[in-house]
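This is what each chain is made of:
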Amino acid sequence: LLSDKVVFESPIFDIRQRELTSPEQGNFSRTILHMFKDAIAVALIDTKSNKIYVATEYRAGIDETIDSIPAGKIDDGELPAQAVFREVREETGIQIDNTANDFELHKIATINSSEGALDEKVHVFAIKADFSQMAIGEKDFDEDEFVTGQFVDADAWTKSVLQTPHSAPAVAVAYWYQLDRISH
């Protein structure tokens with residue numbers, strides 16, 4: 001790395017012009033989108049009903065309202081697993097007691113969605129539990145966020161994810177879910 005210059009700043013990312021060198025290419029430049037925080041995405045799988053919580057939200061980057069899984073940025077000082085429980089509470093109202101033994105937390109993957117131009121990592125998790133036994137409180141969205149959601153048939157949703165365009169975390173969850181079903 002010869003230089004790293006910020007050419008644009010926003011509240012959640014900046015755009016950087018990097019001057020680099022390598023034995024194969026010599027000197028060259030790349031423009032990257034630098035995210036200030038990494039993110040999490042979490043699938044909530046109800047073990048009693050075999051349903052998955054699907055969040056519906058407008059996504060400005062693709063100018064569409066899509067179905068996906070709850071997701072959000074990791075706050076300063078938080079570990080990815082801590083962010084999972086906070087985001088679940090904020091986006092669904094479901095209050096998971098992370099000290100209880102009534103759920104399974106699975107780390108599925110860490111995804112770089114476009115490593116050639118974007119440095120954000122998304123830590124993808126699944127929580128398997130009987131969600132009908134958990135307390136549901138108020139949702140607590142960020143001021144620019146509006147998400148609706150519901151539990152839907154997990155088999156049908158994960159199959160549809162693999163047949164139509166979806167986010168990388170949703171695709172990772174769909175493959176993990178299919179493999180988990182085969183292995184049990």
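The structure under discussion appears in the preceding block.
Residues numbered from 1 in each chain as written. Predicted model: local features only at pLDDT ≥ 70, side-chain atom pairs only at ≥ 80, totals over all residues. Heavy atoms only, no water.

A. Representation of helix α1 (residues 80-92). If you check α1, its first and last C-alpha atoms are 18 Å apart, about what 13 residues at 1.5 Å a residue would give, namely 18 Å. Three or more residues of α1 are buried, namely A83, V84, F85, R86, E87, V88, E90, E91 and T92. In the stretch just after α1, G93 is the one whose phi turns positive, near 85 degrees. (Helix = DSSP H or I, 4+ residues; strand = E, 2+ residues; numbered from the N terminus. Expected span 1.5 Å × (residues − 1). Buried < 20%, exposed > 50% of the residue type's maximum accessible area, 1.4 Å probe, protein only.)

B. Main features of helix α2 (residues 154-161). Residues A154, W157, T158 and V161 constitute the buried set of α2. Seen from one end, α2 has its buried residues packed into an arc of 95 degrees, which puts them on one side. Those residues of α2 hidden inside the fold are in contact with β5 (51-59), β6 (64-68), β12 (148-153) and α3 (168-183). The backbone nitrogen of D155 has a side-chain oxygen 3.3 Å away, supplied by the residue at the start of α2, namely D153. (Arc of directions from axis to C-beta. Contact = heavy atoms within 4.5 Å. Polar contact = N/O pair within 3.5 Å; in protein donor to acceptor, adjacent residues only side chain to side chain.)

C. Representation of the packing of aromatic side chains. Counted according to the given criterion, the structure contains four aromatic pairs. Ring plane angle 70 degrees and centroid distance 5.5 Å describe the contact between F85 and F103, whose orientation is recorded as edge-to-face. Highlighted residues: F85 in helix α1 and F103 in strand β9 (residues 103-112), separated in sequence by 18 residues. Like F85, the residue F103 is buried in the burial classification. Between the aromatic rings of F131 and F151, the centroid separation amounts to 5.6 Å while the plane-to-plane angle is 35 degrees, which identifies the pairing as tilted. Taken together, the residues F131 in the loop between β10 (121-129) and β11 (135-136) and F151 in strand β12 connect sequence positions 20 residues apart. A relative accessible area of 4% places F131 in the buried class. Chaining the aromatic ring pairs together yields one cluster made of Y53, F131 and F151. (Phe/Tyr/Trp six-rings, centres within 6.5 Å; stacked < 30°, edge-to-face > 60°.)

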